Amino acid sequence: MAFSSQRLQFAGHSGATLAARLDFPSGPLRAYALFAHCFTCSKDLASARRIAAELAREGLAVLRFDFTGLGSSDGEFASTNFSSNVADLISAADYLRHHFQAPSLLVGHSLGGAAVLAAAKDIPEVRAVATIGAPADVGHVLKNLGASLKEIETSGSAEVDLAGRTFLIKMQFVEDARAHRIKDAVASLKKPLLVLHGPLDETVGIENATEIFGAARHPKSFVSLDRADHLLTNLEDAAFVGRMISGWMTRYLAADAPQGTDSMEHVRVMETGDGKFQNTVQAGRHRLFADEPKAVGGLDSGPSPYDFLSIALGACTSMTLRQYAEYKELPLGHISVDVSHTKIHAKDCVECTESERSSGARIDRFERVISIDGEVSDELRGKIAEIADKCPVHRTLEGVAKIETVVKAPLR
């Protein structure tokens, strides 16, 4: 995935230091998202990383963090509850607001999904909310406690084994879970909601999605995660979730223009670290990928270098012809230009001189096909070809360009 990740720390609801990662897209940054992990999980769960990577690929910077007492965060888990998770989410949003930009999207997995539904009303910049395998009732999490729930109710606390780890759960956790009414939060959400849930989820049944969806007001959407388990252990399921959320979210983001915050006078091409050849290209305020086809080891995520040369020739040709048509007030219809590039032996080049054909070298050959909507006379057809040959990029490719190279690198 094309993104970079930065380790961060911020103060949670109780002042404990919370560990976080902020995943930045390599391309244009469109908005920030806040991700809440599942019950007793962490920000580094494989499915959480994959979902964040997919969102980053589509231009969203994603902050994922460990709740108080979990993962790499400080604090005592025994003193936490659902309310503290919601408060940690609000603290995370505050951190983004003050240091980067407030989150436009909240994404929550399992109990984290219930938490983002509860927190959304306190984060005014949020434009949309997405839940993954979320329970419709916070009390649902108490089922994970099994027989230990009775001991907690009797003794006030108990050591509970959850996913191979032991946690001290106190009665205050149970009481807090029973006190929350997530469906009430959903009914008053007043933000677009996307509910993603697997019909085969054995941890949080699909009926929870039905209740959440039924309580929500429009606009609301549902995506069935066919064959996915609760933790999305198949990373293809996690990737699908990320793609669905990012595609749905584009409807609620500002237009992706201008693509860069600062205009550049030159073109910058920089490796993304994703794949062997992928680079980001920034030209002025515009950003895109350059890559190679999969057949030669690339990801095929953008045009190849020679594709860019062909693009330059085709675009320059079309623009030059349009400028000429307007200057001469010619009724040219829609212009399109097809450009293909090959390397051929000079001896096979019809357009080459005799000395070039006898050199034995291989040369670059661009074939340009100009299509004009509507009829044109033979005279105008010839003029179109003549003007096309005068486009600046055409002249550059046929001329001899001088390239000066400067290498900037620290000295050993």
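Thresholds applied
- Residues numbered from 1 in each chain as written.
- Predicted model: local features only at pLDDT ≥ 70, side-chain atom pairs only at ≥ 80, totals over all residues.
- Heavy atoms only, no water.
- Helix = DSSP H or I, 4+ residues; strand = E, 2+ residues; numbered from the N terminus.
- Buried < 20%, exposed > 50% of the residue type's maximum accessible area, 1.4 Å probe, protein only.
- Contact = heavy atoms within 4.5 Å.
- Pairing = 2+ DSSP bridges.
- Axes fitted to C-alpha atoms, helices over the stretch in contact; angles between N-to-C directions.
- pLDDT = per-residue confidence, 0-100.
- Disulfide = S-S within 2.5 Å.
- Salt bridge = Lys/Arg side-chain N within 4 Å of Asp/Glu carboxyl O.
- Patch = residues over 30% accessible without salt bridge, like charges linked within 9 Å, V, L, I, M, F, W, Y side chains within 5 Å.
- Areas by Shrake-Rupley, 256 points an atom, 1.4 Å probe, with all protein chains shown as cover.
- Expected span 1.5 Å × (residues − 1).

(A) Quick peek at the side chain of Thr 131. Residue position: Thr 131 is located in strand E6 (residues 128-132). Of the residues examined, Thr 131 reaches a relative accessible area of 1% and is grouped as buried. Look past the residues within four positions of Thr 131 in its chain and what remains in contact with it is Gly 108, Gly 113, Val 116, Leu 117, Leu 193, Leu 194, Val 195 and Leu 196.

(B) View of the sheet that holds strand E13 (residues 286-290). One open sheet accounts for three strands, arranged E11-E12-E13; its pairing is antiparallel. Since the sheet does not close on itself, it has two edges, and those belong to strand E11 (267-271) and E13, each with one partner. Averaged over all adjacent pairs, the angle separating strand axes in this sheet is 20°, with direction ignored. Sheet topology note: the E11/strand E12 (residues 279-283) ladder contains five bridges and is antiparallel. In the sheet register, Met 270 faces E12, and the bridge partner there is Thr 280.

(C) Highlighting the confidence of the model for the protein. Residues at a pLDDT of 70 or more form 91% of the protein, whose mean pLDDT is 88. Ranking the elements of the protein by mean pLDDT puts helix H10 (residues 354-357) last with 64 and strand E9 (residues 193-197) first with 98. Residue range residues 256-261 is modelled with pLDDT below 50. Its contacts to residues more than four positions away, or to other chains, number ten contacts.

(D) Layout of the state of the cysteines. As enumerated under the stated definition, the model contains one disulfide in all. Between Cys 316, a free cysteine, and Cys 391, which holds the nearest cysteine sulfur, the sulfur-to-sulfur gap is 3.1 Å. Exposure remark for Cys 316: the relative accessible area of 12% places this residue in the buried category. The class of Cys 391 is buried, set by a relative accessible area of 0%.

(E) Quick peek at unusual backbone geometry. Between His 218 and the following residue, Pro 219, the backbone shows a cis peptide bond with an omega angle of 5°. Inspection of the secondary structure puts Pro 219 in the loop between helix H7 (207-215) and strand E10 (220-224). The phi torsion at Ser 110 lies on the positive side, around 60°, for a residue other than glycine. Topologically, Ser 110 is positioned in the loop between strand E5 (105-109) and helix H3 (111-119). For Ser 110, a relative accessible area of 8% translates into the label buried. Positive phi, close to 60°, is recorded for Lys 190, a residue that is not glycine.

(F) Structural context of the pattern of salt bridges. For the coordinates displayed, the defined rule picks out 18 salt bridges. Where Asp 364 meets Lys 343, a salt bridge forms, and the shortest distance between an N and an O atom there is 2.9 Å. Taken together, the positions of Asp 364 in strand E15 (residues 362-372) and Lys 343 in strand E14 (residues 335-345) put the pair 21 residues apart, joining distant regions of the chain. Looking at Asp 364, the relative accessible area reads 38%, which means it is partly exposed. Lys 390 is the salt-bridge partner of Glu 386, the closest N and O atoms lying 3.6 Å from each other. Residue classification places Glu 386 among the partly exposed positions, given a relative accessible area of 36%. Lys 390 sits in the partly exposed class, given a relative accessible area of 40%. Through salt bridges with shared partners, a single ionic network connects Arg 21, Asp 23, Lys 43, Asp 44, Arg 64 and Asp 66.

(G) Inspection of a nonpolar patch on the surface at higher detail. A cluster of nonpolar side chains, contributed by Tyr 306, Leu 309 and Leu 397, occupies part of the molecular surface with about 240 Å² of accessible area. Among the secondary structure elements, Leu 309 is positioned in helix H9 (residues 305-328).

(H) Highlighting helix H8 (residues 235-249). For H8, built from 15 residues, the straight-helix expectation of 21 Å at 1.5 Å per residue is met to within 8% by its first-to-last C-alpha distance of 21 Å. Every buried residue of H8 is listed here: Asp 237, Ala 238, Ala 239, Val 241, Gly 242, Ile 245, Ser 246, Trp 248 and Met 249. Buried residues in H8 make contact with helix H1 (46-57), strand E4 (60-65), E5, E6, E9 and E10.

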